[in-house]
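Chain by chain, the residues:
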Amino acid sequence: MAALDTLRAQWAGLGTDLLIRATRGICDGSLLNADSGRADTSARLEDWAGVLSLYSGETALFAAENESGSVRATA
């Protein structure tokens, strides 16, 4: 019976160790994915900011040409 108890204790320890390793790997992967996602988002925001700057001057000019005199007077 003592041998069976020893075996159970070893398996329980091994199971705990595997669970800890798997959890640590998942956490590391999640952190890596989060960092990668932030970098991708930042790059896309910079790209879109560049595109927006190309059109913001035209949009402001177009809006100024098309607004009525009363709107300009209140602005």
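Everything below is about the structure printed above this text.
None of the values given here were measured: they were computed from a predicted structure. Sequence positions are assigned chain by chain, starting from 1 and proceeding in written order. Where totals are concerned, whole chains, interfaces and linings use all residues; where local detail is concerned, this predicted model gives features only for residues with pLDDT of at least 70, and gives and counts side-chain atom pairs only at 80 or more. As a rule here, side-chain values come from all non-hydrogen atoms in the structure, and water together with hydrogens is ignored.

Q: I keep staring at the overall build of the chain and nothing clicks. Help me out?
A: In terms of helices and strands, the chain carries two helices and zero strands. Evaluated residue by residue, the chain yields a buried proportion of 0% over its 75 residues. For the chain, the exposed area adds up to about 6600 Å²; of that, 65% sits on carbon and sulfur atoms. Labels follow the DSSP assignment, with helices taken as runs of H or I lasting at least four residues and strands as runs of E lasting at least two, numbered in each case from the N terminus. Residue burial is assigned from relative accessible area. The probe radius is 1.4 Å, only protein chains are included, and a residue is buried under 20% of its type maximum, exposed over 50%, and partly exposed in between. Each accessible area is a Shrake-Rupley result for a 1.4 Å probe, and residues are judged covered by the shown protein chains and nothing else.

Q: I would appreciate a short explanation of the pattern of salt bridges in the present structure.
A: Side chains that carry opposite charge are capable of pairing whenever their charged atoms lie near each other. When a carboxyl oxygen of Asp or Glu is within 4 Å of a side-chain nitrogen of Lys or Arg, the pair counts as a salt bridge. Using the criterion set out here, one finds one salt bridge in the structure. Arg38 is the partner of Asp35 in a salt bridge, and the nearest nitrogen-oxygen pair spans 2.5 Å. With Asp35 and Arg38 both in helix 1 (residues 2–66) and three residues apart, the pair spans about one turn of that helix. Judged by its relative accessible area of 44%, Asp35 falls in the partly exposed class. Arg38 gets classed as exposed once you look at its relative accessible area, which sits at 54%.

Shape is all these values report; function is a separate question.
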